[in-house]
Amino acid sequence: MSVSDRIRITGERVLSKNHGTLKSFSFAWRRADGAWQTLTRDVFDRGNAAAILPYNLARRTVVLVRQFRLPPYVNGHDDLLIEAAAGLLDEASPEERIRAEAEEETGYRLHDVHKVFEAFMSPGALTEKIHFFVAEYEPHMRIGNGGGLVDEGEDIEVLELGIDQALAMIADGRIADAKTIMLLQHAALNIFR
């Protein structure tokens, strides 16, 4: 039996269309025991995204960004968030979008981006799937300052960190972004072994 055989959408209502679409869904779900249960869930659709971790194997460094994020702040995180460069696909392919996003945010023009996995980040409330990439960088690949796009409200600081320092920042809480933790753990296990 597929998931489609176990669900009946009975209602859909748009709650908001600001920086994405928030909808409330009513549905019946057939439980494992065969009984039908009526439920309601709010789902936020802001599109899919891509994230990248530029790394330099010889120097054992990675490039991350630091910026203000309102949702972590209102949840008690009183600091700028350190993250992997990332952005919404906006109807581009994941590879196209992540190259452009890396250049906008970090100033690096990356050549050989390599997709390592994709994942749903908060499947209980978000439709968003993130495509995760890594790419080697060299200092000469930095063609600009980065910093993001002012008209999108971005005010981004570029960080070049040693991989060991970045991993320690996960342990002490200075890096608290899930996509960044996932990419750093991937790098520790598969790149900087």
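None of these values were measured; they are calculated from a predicted model.

A. Molecular detail of the packing of aromatic side chains. Applying the stated criterion to the full structure yields four aromatic pairs. Between Y108 and Y137, the ring centres sit 5.0 Å apart and the planes meet at 65°, which makes this aromatic pair edge-to-face. Note that Y108 is positioned in the loop between α3 (94-106) and β8 (113-120) and Y137 in the loop between β9 (129-136) and β10 (157-162), a separation of 29 residues in sequence. Of the residues examined, Y108 reaches a relative accessible area of 6% and is grouped as buried.

B. Spotlight on the nonpolar core. Judged by nonpolar contacts, the single largest core of 26 residues is most densely connected at L53, V62, L64, I175 and L184. Sorting the residues of this core by element identifies β4 (49-56), β5 (61-67), β7 (85-88), β9, β10, α4 (163-171) and α5 (178-190) as the ones contributing at least two each. Residue contacts for L64: discarding those within four places in its chain leaves L53, I82, E83, A84, E157, V158, L159, L161, I175, T180 and L184. Within the second largest apolar cluster, 14 residues are counted, among which are I98, V113, A135 and M141.

Basis of the calculations
- Residues numbered from 1 in each chain as written.
- Predicted model: local features only at pLDDT ≥ 70, side-chain atom pairs only at ≥ 80, totals over all residues.
- Heavy atoms only, no water.
- Phe/Tyr/Trp six-rings, centres within 6.5 Å; stacked < 30°, edge-to-face > 60°.
- Helix = DSSP H or I, 4+ residues; strand = E, 2+ residues; numbered from the N terminus.
- Buried < 20%, exposed > 50% of the residue type's maximum accessible area, 1.4 Å probe, protein only.
- Core = buried A, V, L, I, M, F, W, Y, C linked by side-chain atoms within 4.5 Å.
- Contact = heavy atoms within 4.5 Å.

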